[in-house]
Amino acid sequence: RSGRQVWEVVGDRHADVLQNARIGMRKITRELRQSLSISEIGSDYVEFVDRNDDNMKFQYNAQYLEYGEPGSMSVLSGPVDSLSFTYYEEDGVTTTTTLNEIRAVLIQLVTSDSEGKVPSIPLSSLVFVRKDSVVAGHTIVINEIMYNTISIDNQWEWVEFYNCSGEDVDVSGW
């Protein structure tokens, strides 16, 4: 009976730590994937412009993952042992700290149990950042691509563009 009680406590704590890690990682990957640009970087933080044109930031601070507008951050998850960002050029191999060269971000997040009853859980994810093109001052994003369909008829292949500005953009001649 005592073994079952210990397992229930450890199993529940492990599930909580894992869920905590997944919540943090899911939020970071989703937001960076949909971001319009990266504006400032560090080894334990990334600042970016989100799809609503707001400046947002993820950072590691005193064993917590924080998220929000710079200057008014809120705790997203914790406790966190470490959070690191590595930035890559288009080839996915060469690291860079030059903002306009960043095409992928490797996120490494390690969460832990505040009571130390279960081991830390590491998660990592590689996020590819959108590459925008500017047409007459308007930002156009390639949002989705469907190519090489199973059908021999290529009429089902398509490219979706997203106009971030909300204003009409002439794409004739593209």
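Above this text is the structure in question.
Residues numbered from 1 in each chain as written. Predicted model: local features only at pLDDT ≥ 70, side-chain atom pairs only at ≥ 80, totals over all residues. Heavy atoms only, no water.

J.: Describe the sheet that holds strand β4 (residues 64-69), and please don't skip the residues or the numbers.
T.: Spatially, 5 strands are ordered β1-β2-β3-β4-β5 in an open sheet, and the strand pairing comes out antiparallel. Across the chains shown, the open sheet's two edge strands, defined by having one partner strand only, are β1 (37-42) and β5 (72-77). On average, each strand axis in the sheet is tilted by 20° relative to the strand beside it, whichever way the strands run. The pairing of strand β3 (residues 55-61) with β4 spans 5 bridges and is classified as antiparallel. The residue of β4 that forms the bridge with Gln59 is Glu66. (Pairing = 2+ DSSP bridges. Helix = DSSP H or I, 4+ residues; strand = E, 2+ residues; numbered from the N terminus. Axes fitted to C-alpha atoms, helices over the stretch in contact; angles between N-to-C directions.)

J.: Before we move on, can you summarise the packing of aromatic side chains with the specific residues and values?
T.: Under the criterion given, the structure shown has 3 aromatic pairs. Among the aromatic residues, those joined into a ring-pair cluster are Phe48, Phe58 and Tyr67. Seen from the ring of Tyr45, Lys57 lies directly overhead, with NZ or CZ sitting 4.7 Å from the centre. (Phe/Tyr/Trp six-rings, centres within 6.5 Å; stacked < 30°, edge-to-face > 60°. Lys NZ or Arg CZ within 6 Å of the ring centre and 35° of its normal.)

J.: Please set out the pattern of salt bridges residue by residue, giving values where relevant.
T.: Following the criterion strictly, the structure yields 2 salt bridges and no others. When the shortest N-O distance is used, the salt bridge between Glu31 and Lys27 registers 3.5 Å. Linking Glu31 with Lys27, this pair stays in helix α1 (residues 2-34), spanning 4 residues, or about one helical turn. Overall, the relative accessible area of 5% leaves Glu31 in the buried class. Here Arg51 makes a salt bridge to Glu31, at a shortest N to O gap of 3.8 Å. Remark: Glu31 occurs in helix α1 and Arg51 occurs in the loop between β2 (45-49) and β3; sequence separation between them is 20 residues. (Salt bridge = Lys/Arg side-chain N within 4 Å of Asp/Glu carboxyl O. Buried < 20%, exposed > 50% of the residue type's maximum accessible area, 1.4 Å probe, protein only.)

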